[in-house]
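For reference, the chains in residue letters:
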Amino acid sequence: MYVVKSPLSDENLKTVSEALQGALVDLVDLALVAKQIHWNVVGPRFRSVHLQLDEVVALARTHSDTVAERAAALGVSPDGRAATVAVGSGIGVTPEGWVDDTAAVGALVEALGAVITRMRERVTATDQPDPVSQDILITITADLEKQHWMFQAENG
């Protein structure tokens, strides 16, 4: 079996692989949470919130692919399986059933906040070991913070 060799030292690779795997798990779960709420949102702002949620889903899916491919490029097998995501995500419990638009926005603010906090920790952790991975994580964090702002503004 062919194994991709990383240019990073074993110690640096461990730090970076943990950061990338954690980011992958959070992004996969963020996409799932946003889609779940997207299917169940109701209320006077249904359409705008419904569409905004799909923006988060697309963003999280795109970034999860980037993170997984960066891990693979470093010789680390990315793990986005449901069981791995379920035990590793930093996002809390998603509302069940129909969710009114105000609660839906609040749930996304909380989910995005949790992911952003963990992303910022990963940005710091990857500073020295791998600025390339850090750059990817910075870009993701900026995009997530923009969505966080937009959802916060949605509820005023």
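Computed from a prediction, not measured in an experiment: that's the story for all the values here.

Per the UniProt entry, the sites bearing "domain: Ferritin/DPS" (unreviewed entry) are residues 18–153 in this numbering. Structurally, residues 18–153 is divided into 78% helix and 3% strand, and its ends, taken at the C-alpha atoms, are 33 Å apart.

Scanning all chains against the criterion turns up nine salt bridges. Put simply, K14 and E18 hold a salt bridge, and the shortest N to O gap is 2.5 Å. Here K14 and its partner E18 are both found in helix α1 (residues 10–40), four residues apart, which amounts to about one turn of the helix. On the accessibility criterion, E18 (48% relative accessible area) is partly exposed. Across the salt bridge formed by D26 and R118, the nearest N and O atoms sit 2.8 Å from each other. Pair noted here: D26 is in helix α1 and R118 is in helix α4 (residues 101–125), with a separation of 92 residues, a long-range link. For R118, a relative accessible area of 24% corresponds to the partly exposed category.

Structurally, S133 is set in helix α5 (residues 131–155). Judged by its relative accessible area of 0%, S133 is buried. A polar contact of 3.0 Å, which involves the side chain of S133, links it to the side chain of R70. One polar contact links S133 to D130, side chain to side chain, over a distance of 2.4 Å. Among all residues touching S133, those that are not within four sequence positions of it are V16, L20, R70 and L74.

Direction vectors running N to C along α1 and helix α2 (residues 46–73) enclose 160°, while the axes themselves pass 8 Å from each other. In terms of orientation, α1 and α2 fall into the roughly antiparallel class. Crossing hand, α1 versus α2: left-handed.

Moving on, we get to the side chain of N40. Among the secondary structure elements, N40 is positioned in helix α1. Of the residues examined, N40 reaches a relative accessible area of 13% and is grouped as buried. Here Q36 takes part through its backbone oxygen, which lies 2.9 Å from a polar atom of the side chain of N40. Excluding its chain neighbours within four sequence positions, the residues that come into contact with N40 are G97, W98 and V99.

About the thresholds
- Residues numbered from 1 in each chain as written.
- Predicted model: local features only at pLDDT ≥ 70, side-chain atom pairs only at ≥ 80, totals over all residues.
- Heavy atoms only, no water.
- UniProt positions renumbered as here; feature names shortened; annotations may be inferred.
- Helix = DSSP H or I, 4+ residues; strand = E, 2+ residues; numbered from the N terminus.
- Salt bridge = Lys/Arg side-chain N within 4 Å of Asp/Glu carboxyl O.
- Buried < 20%, exposed > 50% of the residue type's maximum accessible area, 1.4 Å probe, protein only.
- Polar contact = N/O pair within 3.5 Å; in protein donor to acceptor, adjacent residues only side chain to side chain.
- Contact = heavy atoms within 4.5 Å.
- Axes fitted to C-alpha atoms, helices over the stretch in contact; angles between N-to-C directions.
- Parallel < 35°, antiparallel > 145°, perpendicular 65-115°, else oblique.
- Left-handed = near helix turned anticlockwise from the far one by under 90°.

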